[in-house]
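Examining the three-dimensional arrangement
If you want the building blocks of each chain, they are given just below.
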Amino acid sequence: MPSPNGSRRVDRLLPVHGSPPGRLYTYTLPMTVRVYVGEALARYGFGEGHPFGPDRMGVFWQRMQQTGLDRRVRASEPVSASRDDLLRFHTRAYVERVEAQSRTGSGYLDFGDTPAFPGVYEAAATVVGTVLAAVDAIMDGTAGCAFVPIAGLHHARRDMAAGFCVFNDCGVAIEYLRHRHALSRIAYVDIDAHHGDGVFYAFEDDPHLVFADLHEDGRYLYPGTGAAHETGTGEARGSKLNIPMPPHAGDAEFRDAWPAVERLLERYPPDFILLQCGADSLAGDPITHLAYSEESHRHAATRLRELAGRYCGGRLLALGGGGYNRDNLARAWTGVVEALLPDETG
Ligand SMILES: [Zn+2]
């Protein structure tokens, strides 16, 4: 269990010479925050000048260095996902299609938002593999929390790309947590400006996926889904929360809406929390109309860290998501990382 100062108690049998055999020693390990950065992860982007360009990771990491946060986290290398891991969520036909179009680098992987480029399969598989490595680090206790900046590709469907998202790392991570780590209830919280439709519809009838999503009202923004009445189907009814926010909603509206997320997680205590913290909900994003500041992202991360400590041993993984104004994504994501760090007092 995490102690108030952010450390996790670990019970181990220490093989100390001369100590009584079998004696249980208890000590504390600091809850390291891992942040995954590297060239292979940055490569997921659709060309210089594109809103989702390959420069996004570098902009974030530069801000981490300017603020000194880079020295307070453990920087970790990206990892590629195996085909079997992609197949935990995606159909074989779709994975093979991405692989084929990755070789030619031509055409679209959806209806016109998500172009193929040479190496798109490897780049997208690296996003997924890095998220799974972060899951493993949290589950084996070598990390308390983690952040993957180029991740949270929440629009991809099991059989199709959508909205700049090729493979849905969130969906793969949910399946992986269940089948590789035998967890049953996962909470997915999404504060990106766009509705996380690829996650929502994949688990709409699944009562063990607790889903909360604050997004710009679908009447004004892609993908047009996520109405308040969409609360899950069948046995899953009530396990999903969609909160459409009006265009130009700011921090005050976010703070007013947020307690419903906490109530949902209190009603369905999770074993692991995923946060998709897309920075395109900040004022000044070129393709959306919300008007939060980075304080909303900091608030969400701080509160979820507290809930993770209460319900699931601190297990919280944050994924960068969208964000197309470079200064905004740098401020929002570094705010999230700072909120994940253990308190330095006490
Ligand atoms: Zn978005």
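Located above this text is the structure these notes cover.
All figures in this text were calculated on a predicted structure; none of them were measured in a lab.

Strand-to-strand pairing in sheets goes through backbone hydrogen bonds, with the strands running parallel or antiparallel. One open sheet holds the eight strands; their spatial order is S4-S3-S5-S10-S9-S6-S7-S8, and the pairing between them is parallel. Edge strands, defined here as strands with exactly one partner in the open sheet, are strand S4 (74-76) and strand S8 (240-245). Neighbouring strand axes in the sheet, compared pairwise and without regard to direction, differ in orientation by 15° on average. Alignment of strand S7 (residues 209-216) against S8, held across six bridges, turns out to be parallel. By the bridge assignment for S8, Leu214 is matched with Ile243. Against the sheet, helix H9 (residues 259-267) engages strand S6 (186-190), S7, S8 and strand S9 (272-276), with an angle of about 175° to S7.

A few words on the coordination of the zinc ion. Ideal values differ by geometry: the angle at a metal is 109.5 degrees with four tetrahedral donors, but 90 or 180 degrees with six octahedral donors. Protein ligation of the zinc ion involves Asp192 (OD), His194 (ND1) and Asp280 (OD), the donor distances falling in the range 1.9 to 2.1 Å. When the donors of the zinc ion are listed by position in the chain, the intervening gaps give D-x1-H-x85-D. In this pair, Asp192 is assigned in the loop between S6 and helix H7 (197-202) and Asp280 in the loop between S9 and helix H10 (294-311), connecting sequence segments 88 residues apart. Accessibility assignment for this pair places Asp192 and Asp280 in one class, buried.

When the terminal C-alpha atoms of helix H2 (residues 56-67) are compared, their 17 Å separation across twelve residues agrees well with the 16 Å that a helix rising 1.5 Å per residue should span. Turning to H2, the residues buried within the fold contact strand S3 (33-36), helix H1 (39-42), S4, strand S5 (145-148) and helix H11 (326-340). Of the residues trailing H2, Gly68 is marked for its positive phi of about 80°.

Cut-off values and rules
- The residue numbering used here restarts from 1 in each chain and proceeds along that chain's sequence as written.
- In keeping with the predicted nature of the model, local features appear solely for residues at pLDDT of at least 70, side-chain atom pairs appear and are counted solely at 80 or more, and the whole-chain, interface and lining totals rest on all residues.
- Remark: hydrogens and water are excluded; side-chain values derive from all non-hydrogen atoms of the structure.
- Should DSSP find at least two bridges between two strands, the strands are taken to pair.
- In DSSP terms, a helix is any run of H or I states spanning at least four residues, a strand is any run of E spanning at least two, and both are numbered starting from the N terminus.
- Convention adopted: a line fitted to C-alpha atoms gives each axis, helices being fitted over their contacting stretch, and angles between N-to-C directions are expressed from 0 to 180 degrees.
- Note on contacts: a residue pair qualifies if any of its non-hydrogen atoms lie within 4.5 Å across the two residues.
- Any N, O or S atom lying within 2.8 Å of the metal counts as a donor, and for Na, K and Ca the limit rises to 3.2 Å; water is left out, so some sites can look incomplete.
- For every residue, the accessible area obtained with a 1.4 Å probe (protein chains only) is divided by the maximum for its type, and the residue is called buried under 20%, exposed over 50%, and partly exposed between those limits.
- Expected helix span is given by 1.5 Å per residue-to-residue step, counting one fewer step than there are residues.

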